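Listed here are the chains, written in short residue letters.
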Amino acid sequence: MKTSRFDSFIDDMKAIGRQTNRAVRSGARSLAALSWPSLLAVSIALALVLSIVPLALTLFVCFLLLKFVAAALFGRRPAQIVE
């Protein structure tokens, strides 16, 4: 016997599936309507975003960790402010 919570979950999953299907079809129609130069520009922009942004974030985190390690090993503690 199915519970109402399970039925609600199934209904939600079906709604998500329909919305995803609609979004994918809309995206496919938009890509099909693009001209070749526009498609090339979109492809290059997407490749830059997918490759450069994660690289920049990774390098930022690495250099930040390196700075903390260097400060812990070689740095001096901040001087106390005397009033």
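Preceding this section is the structure that the text describes.
1. As for the overall build of the protein chain
(1) Moving on: Helices and strands together make up the secondary structure of the protein chain, namely 2 helices and 0 strands.
(2) Moving on: Computed over the C-alpha atoms, the radius of gyration of the protein chain is 26 Å, more than 25% above the 12 Å expected from 2.2 N^0.38 for a compact globule of 83 residues.
(3) Moving on: Projected onto the principal axes, the alpha-carbon positions of the protein chain cover approximately 70 × 55 × 25 Å.
(4) Moving on: When each of the 83 residues of the protein chain is scored for burial, the buried share is 0%.
(5) Moving on: Looking at the protein chain as shown, the accessible area adds up to about 8100 Å², and 70% of this sits on carbon and sulfur atoms.

2. So, the environment of Asp11
(1) Moving on: Assignment of secondary structure puts Asp11 in helix α1 (residues 4–33).
(2) Moving on: By relative accessible area, which is 46% here, Asp11 ends up partly exposed.
(3) Moving on: The spatial distance from the C-alpha of Asp11 to the C-alpha of Ala56 is 41 Å, given a sequence separation of 45 residues.

3. Quick notes on a nonpolar patch on the surface
(1) Moving on: Together, Phe60, Val61, Leu64, Leu65 and Phe68 make up an exposed nonpolar region whose accessible area comes to about 490 Å².
(2) Moving on: Here Phe68 is to be found in helix α2 (residues 36–74).
(3) Moving on: Residue class for Phe68 comes out exposed when judged on its relative accessible area of 51%.

Reading guide: rules and limits
Residues numbered from 1 in each chain as written. Predicted model: local features only at pLDDT ≥ 70, side-chain atom pairs only at ≥ 80, totals over all residues. Heavy atoms only, no water. Helix = DSSP H or I, 4+ residues; strand = E, 2+ residues; numbered from the N terminus. Rg over C-alpha atoms; globule rule 2.2 N^0.38 Å. Buried < 20%, exposed > 50% of the residue type's maximum accessible area, 1.4 Å probe, protein only. Areas by Shrake-Rupley, 256 points an atom, 1.4 Å probe, with all protein chains shown as cover. Patch = residues over 30% accessible without salt bridge, like charges linked within 9 Å, V, L, I, M, F, W, Y side chains within 5 Å. Salt bridge = Lys/Arg side-chain N within 4 Å of Asp/Glu carboxyl O.

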